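Coordinate inspection notes
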Amino acid sequence: MAVISPSRRLRRTPFSDGVEAAGVKAYTVYNRMLLPTMFESVEADYRHLKDHVQVWDVAVERQVELRGPDAGRLMQMLTPRDLRRMLPGQCYYVPIVDETGGMLNDPVAVKLAEDRWWISIADSDLLLWVKGIANGYRLDVLVDEPDISPLAIQGPKSDDLMARVFGDRVRDIRFFRFDMFQFEGRDLAIARSGYSKQGGFEIYVDGTDIGMPLWNALFAAGQDLNVRAGCPNAIERVEAGLLSYGNDMTDDNTPHECGLGRFCDTRTAIGCIGRDALLRVSKEGPVQQIRPIAIDGDPVSGCDRPWPVFADGKRVGQVTSAAWSPDFATNVSIGMVRMTHWDPGTRLEVETRDGLRGATVQAAFWL
Ligand code: THG
């Protein structure tokens, strides 16, 4: 593989100097920004994530900030999840849909105050859609991308590392809640969340200038915890069934097809732009849906294009993420499968990069 040419269009992050010093071996591009994908090896990173604690540069999770009297109204226009009971201090995983009910993004919404929200986005240009809606409806709200960069602390020793830097009060943060903490005189929101199932936090680092000081403080405090630089792990996130927008779903899919129906309250999400479309399609229910699929045989290579899925020679779906799982001793994968073949135990064939393989629909993701 060739290297990536750096340029202004491919944004660095406040932590890129630390990531490079830690020996990053591979990047992907996400929201026009660098996202590390490997340090030692994907398997070594996986083992370390499950046993110790890692610091992840996830600045690519850009914030779309909504500020003003219509911020809450605008937020509800974007998602079929009912936000009426959401309080400041809470985070919600929210499908964002267009007027056809198609997925535009699957961010974490962070409610800072009634009139101030962050939308912590996945990889699509959501800022443009949100600005378009705000202006088109003449809403009284400011929409921009502030200089906020999430830094994730993930792994079983996350609480211990964070307590050393921010004090024992971090241990009291509940899942998908945040509280405010100080670092070098700056107020930072810290949430118990993150793109793994190993536990941990996300620090919404306010200001590029404190990025490296915070990075360095975490590494200095975590020496004896074996803290390392890490990144969203391609094996662990498939075991966990954490979806990747643009890979596992696109604007061609409804939230129900993505298995995100539990994050939709389409009847009561009054004002949601995709509400009518979703009410129409959800009457029948989806005809295809995301499924965990175990793929037989030796380790498969990563999935750089959808792999067709067949049953009895007929196409019934596709696999969009796959990896060898050391802990489950099988290839784990995420696929979109037609209703006729989505029941657990159904045998399928997947056209992988390494040839046709047998596969089995699983009852649940592995973690
Ligand atoms: N954290 C933050 N921003 C993000 C991500 C993140 N933006 C990009 C991307 N990740 C958005 N996608 C996801 C996908 C899954 C989850 C969060 C963001 C997630 N899901 C849990 C699950 O499905 O088990 C919990 C959901 C819940 O119970 O509410 O965490 O990771 N800041």
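Residues numbered from 1 in each chain as written. Predicted model: local features only at pLDDT ≥ 70, side-chain atom pairs only at ≥ 80, totals over all residues. Heavy atoms only, no water.

Summing up its helical and strand segments, the chain has eight helices and 21 strands in all. The globule rule puts the C-alpha radius of gyration for 367 residues at 21 Å, and the 21 Å found for the chain is close to it. On the principal axes, the C-alpha backbone points of the chain span a range of 65 × 50 × 40 Å. Here the chain holds 367 residues, and 57% of them are scored as buried. Looking at the chain alone, contacts between residues at least 24 apart form 66% of all its contacts between residues at least 6 apart. (Helix = DSSP H or I, 4+ residues; strand = E, 2+ residues; numbered from the N terminus. Rg over C-alpha atoms; globule rule 2.2 N^0.38 Å. Buried < 20%, exposed > 50% of the residue type's maximum accessible area, 1.4 Å probe, protein only. Contact = heavy atoms within 4.5 Å.)

Here we come to the packing of helix α3 (residues 71-78) against helix α4 (residues 126-136). In a pair of packed helices, the angle between the axes and the distance between the axes together describe the arrangement. In contact at an axis separation of 11 Å, α3 and α4 are set at 120° when each is read in the N-to-C sense. Between α3 and α4, the interaxial angle falls into the category oblique. Classified by chirality, the crossing of α4 by α3 is right-handed. Counting all contacts with α3, which are made through Leu74, Met77 and Leu78, the residues of α4 involved are Trp129, Val130, Ile133 and Ala134. (Axes fitted to C-alpha atoms, helices over the stretch in contact; angles between N-to-C directions. Parallel < 35°, antiparallel > 145°, perpendicular 65-115°, else oblique. Left-handed = near helix turned anticlockwise from the far one by under 90°.)

Before going further, it helps to spend a moment on the site of the ligand. Lining the immediate surroundings of the ligand are 18 residues, of which Glu61, Asp106, Ser120, Glu202 and Tyr204 lie closest. Measuring from a nitrogen atom of the ligand, one finds a side-chain N or O atom of glutamate 61 at 3.3 Å. When the ligand is considered free in solution it has 640 Å² of accessible area, and contact with the protein chains removes 88% of it. Of the residues belonging to the shell around the ligand, the class tally is 11 nonpolar, two polar and five charged. (Near = heavy atom within 4 Å. Polar contact = N/O pair within 3.5 Å; in protein donor to acceptor, adjacent residues only side chain to side chain. Areas by Shrake-Rupley, 256 points an atom, 1.4 Å probe, with all protein chains shown as cover. Nonpolar A, V, L, I, M, F, W, Y, C, P; charged D, E, K, R; others polar.)

Within the fold, threonine 266 resides in the loop between α7 (236-239) and α8 (275-284). Of the residues examined, threonine 266 reaches a relative accessible area of 9% and is grouped as buried.

Right, let's get into the packing of aromatic side chains. Tallied over the entire structure, the rule returns eight aromatic pairs. Each ring, one from phenylalanine 166 and one from phenylalanine 181, has its centre 6.2 Å from the other, and the planes form 70°; the classification is edge-to-face. With phenylalanine 166 in helix α5 (residues 158-166) and phenylalanine 181 in strand β12 (residues 178-183), the pair connects residues that are 15 residues apart, well separated along the chain. Across the pair, exposure class does not vary: phenylalanine 166 and phenylalanine 181 are buried alike. Judged by centre distance (6.4 Å) and plane angle (55°), the ring pair of phenylalanine 166 and phenylalanine 183 falls under tilted. Taken together, the residues phenylalanine 166 in helix α5 and phenylalanine 183 in strand β12 connect sequence positions 17 residues apart. Classification of phenylalanine 183 as buried rests on a relative accessible area of 9%. Over the ring of phenylalanine 181 we find arginine 169; its NZ or CZ atom is 4.0 Å from the centre of that ring. (Phe/Tyr/Trp six-rings, centres within 6.5 Å; stacked < 30°, edge-to-face > 60°. Lys NZ or Arg CZ within 6 Å of the ring centre and 35° of its normal.)

Here we take up the sheet that holds strand β10 (residues 142-144). Taken in spatial order, the five strands line up as β5-β8-β9-β4-β10 in an open sheet, and their pairing is antiparallel. At either end of the open sheet lies a strand with only one pairing partner, and these are β5 (91-93) and β10. Strand-to-strand twist across the sheet, computed as the mean angle between neighbouring axes with direction ignored, equals 20°. Bridge count for β5 against strand β8 (residues 108-113) is three bridges, and the pairing is antiparallel. When the bridges of β8 are listed, tyrosine 92 appears paired with alanine 109. (Pairing = 2+ DSSP bridges.)

What follows covers the sheet that holds strand β16 (residues 288-295). Pairing is antiparallel around the closed barrel formed by six strands, whose spatial order is β16-β19-β18-β17-β20-β21. Along the sheet, successive strands turn relative to each other by an average axial angle of 40°, direction set aside. In terms of strand pairing, strand β18 (residues 314-325) meets strand β19 (residues 330-338) through eight bridges, oriented antiparallel. Residue pairing across strands places glutamine 318 opposite methionine 336, the latter belonging to β19.

For the rest of this paragraph, the subject is the pairing of β16. The buried fraction of β16 amounts to seven of the eight residues, a majority that puts the element mostly inside the structure. Taken together, the eight bridges between β16 and β19 define a ladder with antiparallel strand orientation. Directly across from proline 292, in β19, lies its bridge partner isoleucine 334. Across three bridges, the pairing between β16 and strand β21 (residues 355-361) is antiparallel. Across the sheet, residue alanine 294 finds its bridge partner in β21, namely threonine 360.

Time to look at the state of the cysteines. Scanning all chains against the criterion turns up zero disulfides. Of the cysteine sulfurs around cysteine 272, a residue in no disulfide, the closest is that of cysteine 264, at 8.2 Å. When its relative accessible area of 6% is taken as the criterion, cysteine 272 is described as buried. Summary of cysteine pairing: cysteine 303 is not part of a disulfide, and the nearest cysteine sulfur, belonging to cysteine 258, is at 16 Å. (Disulfide = S-S within 2.5 Å.)

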